[in-house]
Amino acid sequence: MTTLKKRILQNISQAETVSETTNEEPPITTVATLILENKTQSIPTSAHKVRVVEYKAIYRRFTEFIKRLKALKTLREYNEILVEFTDRLILYRNCIDDCAAILVQHLLDATDPLIQTAFLNTLKIVEQRYPTSSIKHSNELLNLGKQTKSIKVASALLSYFSILPMSSSVDKNALARFAIQYSTNTHVRVQLCAFKLLSTLGRIPDLEASLKTSIINKLLQAIEHDDARIRAEALRAMV
């Protein structure tokens, strides 16, 4: 009987010990994942543990993108990689200026107008999503516009320039002459791009007076154009 009492008391003592242990709340551990872009970035004081991830993945993608561009030859291959690039553009957001520089470099090196147009369309998408990323190359692209004999390239350049902020360093007078040159082109699409650009340039206060007069005359002539789209764009520009 005494032995039985001892066993009961021992079991009760063990049960109380277990319940006390299980009621204790486990310590909270905060794990902070840091992507360090520079060496001076501070670590939050609330973090008990820190997992540091080196910031190399984006630049590895960038170098791989350059290598792939160098190996391409056909228009189809260029189109495929440029579409893939724009679809994943957010992955390159921290080196977007370098990407714009590479696109411009390959654009200027290309001789096929269709390949040049593909790069210009890609640059336009980059500029729309990340403004001023390619603005430093605008004068180089303007020189390309002066030299090109391709209507497709000229149209793509006019469309690209029309989205640039007029505070950019591009020569506005030269840009206005470029747009005026193509405002009388037989291709309606080229004319539309030219008038869209002229409507922006016409509001620049420091534009040459002779160019402002030319822009107004071109718009007045376009109001009587046979194509309704040209008339609409000219009226929109005048308003």
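Before reading further, recall that the structure is shown in the block above.
My aim in this report is to walk through the structure given alongside it, one point at a time.

The rules behind the values
- Residues numbered from 1 in each chain as written.
- Predicted model: local features only at pLDDT ≥ 70, side-chain atom pairs only at ≥ 80, totals over all residues.
- Heavy atoms only, no water.
- Axes fitted to C-alpha atoms, helices over the stretch in contact; angles between N-to-C directions.
- Helix = DSSP H or I, 4+ residues; strand = E, 2+ residues; numbered from the N terminus.
- Parallel < 35°, antiparallel > 145°, perpendicular 65-115°, else oblique.
- Contact = heavy atoms within 4.5 Å.
- Nonpolar A, V, L, I, M, F, W, Y, C, P; charged D, E, K, R; others polar.
- Buried < 20%, exposed > 50% of the residue type's maximum accessible area, 1.4 Å probe, protein only.
- Salt bridge = Lys/Arg side-chain N within 4 Å of Asp/Glu carboxyl O.
- Polar contact = N/O pair within 3.5 Å; in protein donor to acceptor, adjacent residues only side chain to side chain.
- 1 Å grid on protein atoms, 1.4 Å probe; cavity = no way out; pocket = protein on both sides within 12 Å on 5 of 7 lines; lining within 4 Å.
- Points joined across faces, edges and corners; volume = space filled by probe spheres on them.
- Core = buried A, V, L, I, M, F, W, Y, C linked by side-chain atoms within 4.5 Å.
- Left-handed = near helix turned anticlockwise from the far one by under 90°.

Our next topic: the packing of helix H3 (residues 75–87) against helix H5 (residues 113–129). Packing of H3 against H5 leaves a shortest axis separation of 10 Å and a crossing angle of 5 degrees. Our classification of the angle between H3 and H5 gives roughly parallel. Across the interface between the two elements, Leu-75, Tyr-78, Asn-79, Leu-82, Phe-85 and Thr-86 from H3 touch Leu-114, Ile-115, Ala-118, Phe-119, Thr-122, Ile-125, Val-126 and Arg-129 from H5. When the residues that make up the contact of H3 with H5 are grouped by side-chain class, the tally is ten nonpolar, three polar and one charged.

With that settled, the discussion passes to the environment of Ile-66. Locating Ile-66 in the fold gives a position in helix H2 (residues 57–70). On the accessibility criterion, Ile-66 (18% relative accessible area) is buried. Ile-66 sits 36 residues away from Ile-102 along the chain, and the two C-alpha atoms are 7.6 Å apart.

Per the stated rule, a full pass over the model turns up six salt bridges. With a shortest N-O distance of 3.0 Å, Glu-84 and Arg-68 are connected by a salt bridge. Of this pair, Glu-84 sits in helix H3 while Arg-68 is found in helix H2, placing the two residues 16 residues apart along the sequence. Arg-88 is the salt-bridge partner of Glu-84, the closest N and O atoms lying 3.5 Å from each other. For Arg-88, a relative accessible area of 46% gives the class partly exposed.

The subject of this paragraph is helix H8 (residues 172–182). When you tally the buried positions in H8, you get nine out of eleven residues, the bulk of the element. Here H8 has its buried residues at Lys-172, Asn-173, Ala-174, Leu-175, Ala-176, Phe-178, Ala-179, Ile-180 and Tyr-182. Considering only its buried residues, H8 is in contact with helix H6 (138–147), helix H7 (151–161), helix H9 (188–201) and helix H10 (209–222). The backbone nitrogen of Asn-173 has a side-chain oxygen 3.2 Å away, supplied by the residue at the start of H8, namely Asp-171.

Take the layout of surface pockets next. Reported here for the largest pocket is a volume of approximately 200 Å³. As for the largest pocket, its lining consists of Thr-117, Asn-121, Lys-124, Ile-151, Lys-152, Ser-155, Ala-156, Ser-159, His-187, Arg-189, Val-190 and Cys-193. Secondary-structure elements contributing two or more residues to the lining of the largest pocket are H5, H7 and H9. With five residues, H7 is the largest single contributor of residues to the lining of the largest pocket. For the lining of the largest pocket, the per-class residue count stands at four nonpolar, five polar and three charged. Empty space within the second largest pocket amounts to approximately 150 Å³. For the second largest pocket, the full set of lining residues is Arg-61, Glu-64, Phe-65, Arg-68, Ile-81, Glu-84, Phe-85, Arg-88 and Tyr-92. Put simply, the parts of the chain that give the lining of the second largest pocket at least two residues each are H2 and H3. Class assignment of the residues belonging to the lining of the second largest pocket gives a composition of four nonpolar, no polar and five charged.

Attention now moves to the nonpolar core. Counting residues in each nonpolar core, the largest one holds 61 residues, and the members touching the most others are Leu-141, Leu-158 and Phe-161. Filtering out sequence-adjacent residues up to four positions away, Leu-141 remains in contact with Val-104, Leu-107, Leu-120, Leu-123, Leu-157, Tyr-160 and Phe-161.

Attention now goes to the packing of H9 against H10. Packed helices, taken two at a time, are described by the angle between their axes plus the distance between the axes. The contact between H9 and H10 brings their axes to 10 Å, and the two run at 135 degrees. As far as their axial angle goes, H10 and H9 are oblique. Here H9 runs over H10; the crossing is left-handed. Along the contact surface, H9 presents Phe-195, Leu-198 and Leu-201, while H10 presents Ile-215, Lys-218, Leu-219 and Ala-222. Broken down by class, the residue content of the contact of H9 with H10 amounts to six nonpolar, no polar and one charged.

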